[in-house]
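So the chains spell out like this:
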Amino acid sequence: MKAKLLAYTPLKPLREASGGLDWRSLLPHLGYTFAVEKISRACSHQLVRHRAASFSQQSQRYITVKRLSERIVTPPSVAAAGADEFNKLVGEVSEAYQRLVEQGVPKEDARFILPNAVETSLLMTMDGRSLLHFFGLRCCNRAQWEIRALADRMLEEARAAEPEVFNSAGPYCYQLGYCPEGRFTCGRMQEAVDGYKP
């Protein structure tokens, strides 16, 4: 998985143009565009739930299915349990896809059998307020492992670009000083807070 901050709106010229407004007031005017590579379709489906973001995603019609096993994200739990069954099923799906295409089924229809584990790449743009919200939700210990890892990589990039804005970013327990999950808390708030200190 890769996440790279390609472009962003710097805080300094906006602060100067606004007469010195606080960065929190300028969040809606700050924009951040990330290139995200080698995440699963399952992860990209979680990303698009962040409706305030704009996305441009690689078409699945053009992936090389003959080498599908090289373009799969394997969850750590599957790898730890022994990925033989998982890999066998991926191979069977790849073969079935090829047979469908050879029978004249258009690739855009044959891809309906492809697993959520297939890698994808995308561009994602968010404003500053939406990005802080994204980090609050997706850096949380309760978030699914892959989107949490992606959020952590994106946060590293954002902190390097705008530390004044993003050194206070991370899971909501870090941002707020308390866990808003109530009875669903992970119970590891101090560990999370310590892990996100710059």
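What you see is a predicted model; the values in this text were computed from it and never measured.

Participant: Describe the sheet that holds strand S3 (residues 54–57), listing the residues and the values that go with them.
Facilitator: Across a sheet, paired strands are connected by hydrogen bonds in the backbone, their directions being either parallel or antiparallel. Taken in spatial order, the four strands of this open sheet run S1-S2-S4-S3, and their pairing is antiparallel. Among the strands making up the open sheet, the edge pair consists of strand S1 (2–8) and S3. Sheet twist, expressed as the average angle between the axes of neighbouring strands with direction ignored, equals 20 degrees. Bridge count between S3 and strand S4 (residues 119–127): four bridges; the pairing is antiparallel. Note that in S4 the partner of Gln 57 across the bridge is Leu 122. In this fold helix H7 (residues 128–138) packs onto strand S2 (31–40) and S4, with an angle of close to 125 degrees to the strand it touches most, S4. On top of the sheet, helix H8 (residues 145–161) reaches S1, S2 and S4; it is set at about 40 degrees to S1, its chief contact.

Participant: Requested: an account of the pairing of S4, with residues and values cited.
Facilitator: Of the strand pairs in this sheet, S2 and S4 are connected by eight bridges, and their pairing is antiparallel. The residue bridging Gly 31 from the neighbouring strand is Asp 127, located in S4.

Participant: Describe the nonpolar core, naming the residues involved and giving the relevant values.
Facilitator: Generally speaking, soluble globular proteins have nonpolar side chains that are buried together. In terms of nonpolar packing, the biggest core is built from 38 residues, with Leu 47, Leu 131, Phe 134, Phe 135, Leu 150, Met 154 and Phe 166 touching the most fellow members. Considering every element that reaches this core, the biggest residue donor is H8, with seven residues. Of all hydrophobic cores here, the second largest spans nine residues; its members include Leu 68, Tyr 97, Ala 110 and Ala 117.

Participant: Talk me through the domain arrangement of the protein chain; I want residue IDs and the actual numbers.
Facilitator: Each assigned domain of the protein chain is listed with its residue range as follows: domain 1 (2–58 + 119–195) and domain 2 (76–113). In this structure, domain 1 and domain 2 have C-alpha centres spaced 32 Å apart.

Participant: Lay out H7 with the relevant residues and their values.
Facilitator: Spacing of three or four residues puts side chains on the same side of an α-helix, whose turn is 3.6 residues. Burial within H7 is extensive, with eight of its 11 residues counted as buried. Along H7, the residues that are buried comprise Gly 128, Ser 130, Leu 131, Leu 132, Phe 134, Phe 135, Gly 136 and Arg 138.

Conventions used here
- Residues numbered from 1 in each chain as written.
- Predicted model: local features only at pLDDT ≥ 70, side-chain atom pairs only at ≥ 80, totals over all residues.
- Heavy atoms only, no water.
- Pairing = 2+ DSSP bridges.
- Helix = DSSP H or I, 4+ residues; strand = E, 2+ residues; numbered from the N terminus.
- Axes fitted to C-alpha atoms, helices over the stretch in contact; angles between N-to-C directions.
- Contact = heavy atoms within 4.5 Å.
- Core = buried A, V, L, I, M, F, W, Y, C linked by side-chain atoms within 4.5 Å.
- Buried < 20%, exposed > 50% of the residue type's maximum accessible area, 1.4 Å probe, protein only.
- Domains from an automatic or database assignment.

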